[in-house]
Amino acid sequence: TSLSSEMTEFGPRNFANLGMNQGWNIGTRWVADVGFERSKLLNTQPLSQPDEQVPLASGSLAGDFSSAFFGLGYRGKDWTVSTRTQWRNSATEDRRALIGGFYREPQAGHGFSAELNLIDRTTASAIAGFDGRLRLGWARRPDGSRWIIYNRADWGASRQRGAGLSSATRRFVNLLNAHFRPNVRQELAVHHALKYVRSDFDDFRAAGIVNLLGIDWRRRLNSRFDFGLHASWYKANSLDVLDSGFGIDFAFVVAQNMRMHVGYNLTGFEDEDFRSARYTAQGPFVRFSLKLDQASLRDILRR
């Protein structure tokens, strides 16, 4: 349980939370967990909405909600599968979600993963929506190899309907990263991203394909410092748009298995679907990289 206070665009808000999580081990391979949460506004004077037929741009008036989930997982010899069902009900929105995950490592250094997210929602303003995403990933990182390859493909769809309007968006995004280390001091990397987006707004339809190509080179100075150069080319075929970016960054070790990168892009561009893969916007940036494996996760949990 907890009591909290925050300042929002509607003024001060005090609210209370109550929640519980419980997990079980079923035999040696099955796990299950269940939980719920309840949040209640404590303000004495209710807030008003300018137009009840128009949803808020962000946030909510009260924030009261009730949520619950149930999860089930199974771990085999070289594969793992998990699933979770969630419900969330509030005065402004009702949401139901189904989440599933799968991972298999058929041999050492090769891994395959799959993730499914389905979310269905309805709002008090009679606007309903659906979001779905299927993500497939593959990694090749055998011990002793100079090559490391990652690939991730996302299929996504979203739909909104109500208030006399309807819209739908479908997208496919594929991210490929290949790293080559010729020696202990140098590293080369090639990144390629492909995106296809189709959007329908009533009778209007738009579609396009975007390509991104990136090249990185890094040089290790000593056990704590290194620097790198990176370049990117961005092309939107349907809009006849061609952009490029170039930058430099310096990295140093701030903690075990953690590095901080400080850099500057002389030229750049922005794309929300490629932002998580590499930073391409013009100007200064700071980012962190964290190395995780069985040993590092064990050390974190022990702390």
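Everything discussed here concerns the structure shown above.
Bear in mind that the values here come from a model prediction, so they are computed numbers and not experimental data.

What counts, and at which threshold
- Residues numbered from 1 in each chain as written.
- Predicted model: local features only at pLDDT ≥ 70, side-chain atom pairs only at ≥ 80, totals over all residues.
- Heavy atoms only, no water.
- Helix = DSSP H or I, 4+ residues; strand = E, 2+ residues; numbered from the N terminus.
- Buried < 20%, exposed > 50% of the residue type's maximum accessible area, 1.4 Å probe, protein only.
- Contact = heavy atoms within 4.5 Å.
- Areas by Shrake-Rupley, 256 points an atom, 1.4 Å probe, with all protein chains shown as cover.
- Phe/Tyr/Trp six-rings, centres within 6.5 Å; stacked < 30°, edge-to-face > 60°.
- Polar contact = N/O pair within 3.5 Å; in protein donor to acceptor, adjacent residues only side chain to side chain.
- Salt bridge = Lys/Arg side-chain N within 4 Å of Asp/Glu carboxyl O.
- Patch = residues over 30% accessible without salt bridge, like charges linked within 9 Å, V, L, I, M, F, W, Y side chains within 5 Å.
- Pairing = 2+ DSSP bridges.
- Core = buried A, V, L, I, M, F, W, Y, C linked by side-chain atoms within 4.5 Å.

### Describing the overall build of the protein chain
In step 1: Scanning the protein chain for helices and strands turns up 1 helix and 16 strands.
In step 2: Counting over 303 residues, the protein chain shows a buried share of 27%.
In step 3: For the protein chain, the share of sequence-separated contacts (at least 6 apart) that also reach a separation of at least 24 residues comes to 42%.
In step 4: Accessible area of the protein chain: about 19,800 Å², with a carbon and sulfur share of 57%.

### Details of the packing of aromatic side chains
For any pair of aromatic rings, geometry is given as the distance between the ring centres together with the angle between the planes.
In step 1: If you walk through the whole model with that rule in mind, you get 10 aromatic pairs.
In step 2: With 4.9 Å between their ring centres and 55° between their planes, Trp-30 and Tyr-74 make a pair best called tilted. Placement of Trp-30 in strand E3 (residues 30–41) and of Tyr-74 in strand E4 (residues 65–75) is noted, with a sequence separation of 44 residues between them.
In step 3: Residue Trp-30 is classed as partly exposed on the basis of its relative accessible area of 40%.
In step 4: You can call Tyr-74 partly exposed: its relative accessible area is 22%.
In step 5: Ring centres of Trp-147 and Phe-180 lie 4.9 Å apart, and the angle between their planes is 35°; this geometry places the pair in the tilted category. Placement of the pair is Trp-147 in strand E9 (residues 147–162) and Phe-180 in strand E10 (residues 165–180), with a sequence separation of 33 residues.

### Some thoughts on the side chain of Asp-200
In step 1: With respect to the secondary-structure elements, Asp-200 resides in strand E11 (residues 186–201).
In step 2: A distance of 3.1 Å separates polar atoms of two side chains, one belonging to Asp-200 and the other to Arg-205.
In step 3: When sequence neighbours within four positions are dropped, the list of residues in contact with Asp-200 reads Ser-166, Ser-167, Ala-168, Arg-170 and Arg-205.

### Section: unusual backbone geometry
In step 1: With a phi close to 65°, Asn-257 is a non-glycine residue in the positive phi region.
In step 2: Positionally, Asn-257 belongs in the loop between strand E14 (241–255) and strand E15 (258–267).
In step 3: Overall, the relative accessible area of 31% leaves Asn-257 in the partly exposed class.

### Observations regarding the pattern of salt bridges
In step 1: The final tally for this structure, using the stated rule, is 14 salt bridges.
In step 2: Across the pair Arg-218 and Asp-226 runs a salt bridge whose closest N-O atoms are separated by 2.5 Å. Each member of the pair, Arg-218 as well as Asp-226, is classed as buried.
In step 3: Shared partners join several salt bridges into a network, and the residues in it are Arg-170, Arg-198, Asp-200 and Arg-205.

### Thoughts on the environment of Leu-213
In step 1: Within the secondary structure, Leu-213 sits in strand E12 (residues 204–220).
In step 2: With residues up to four places along the chain from it excluded, the contact list for Leu-213 reads Val-190, His-191, Ala-231, Ser-232 and Trp-233.

### Looking at a nonpolar patch on the surface
In step 1: Judged by side-chain polarity, Trp-24, Ile-26, Trp-30, Phe-70, Leu-72 and Trp-87 come together as a nonpolar surface patch covering roughly 600 Å² of accessible area.
In step 2: Going through the elements one at a time, strand E2 (11–26) and E4 are the ones with two or more residues in the nonpolar patch.
In step 3: Inspection of the secondary structure puts Trp-87 in strand E5 (residues 79–90).

### Some remarks on the environment of Ala-128
In step 1: Tracing the backbone through its elements, the reader meets Ala-128 in strand E8 (residues 128–140).
In step 2: Since its relative accessible area comes to 12%, Ala-128 is described here as buried.
In step 3: A C-alpha to C-alpha distance of 5.7 Å links Ala-128 and Gln-160, two positions 32 residues apart in sequence.
In step 4: In this structure Ala-128 touches Arg-121, Thr-122, Arg-159, Gln-160 and Arg-161, once residues within four positions along its chain are discounted.

### Observations regarding the pairing of E11
In step 1: Of the strand pairs in this sheet, E10 and E11 are connected by 14 bridges, and their pairing is antiparallel. Looking at the pairing, Phe-180 lines up with Leu-188 of E11.
In step 2: The turn joining E10 and E11, which pair antiparallel and follow one another in sequence, is formed by 5 residues.
In step 3: Across 16 bridges, E11 lies against E12 in antiparallel orientation. Counted as the bridge partner of Gln-186 is Arg-219 from E12.
In step 4: In this antiparallel pair of consecutive strands, E11 and E12, the connection spans 2 residues, and Asp-202 shows a positive phi of 55°.

### Section: the nonpolar core
In step 1: Counting 9 residues, the largest nonpolar core consists of Val-173, Leu-175, Ala-193, Val-210, Leu-212, Tyr-234, Ala-236, Phe-269 and Phe-274.
In step 2: Those elements giving two or more residues to this core turn out to be E10, E12 and strand E13 (225–236).
In step 3: Once residues lying within four places of it in the same chain are set aside, the contact partners of Ala-236 are Ile-209, Val-210 and Val-241.

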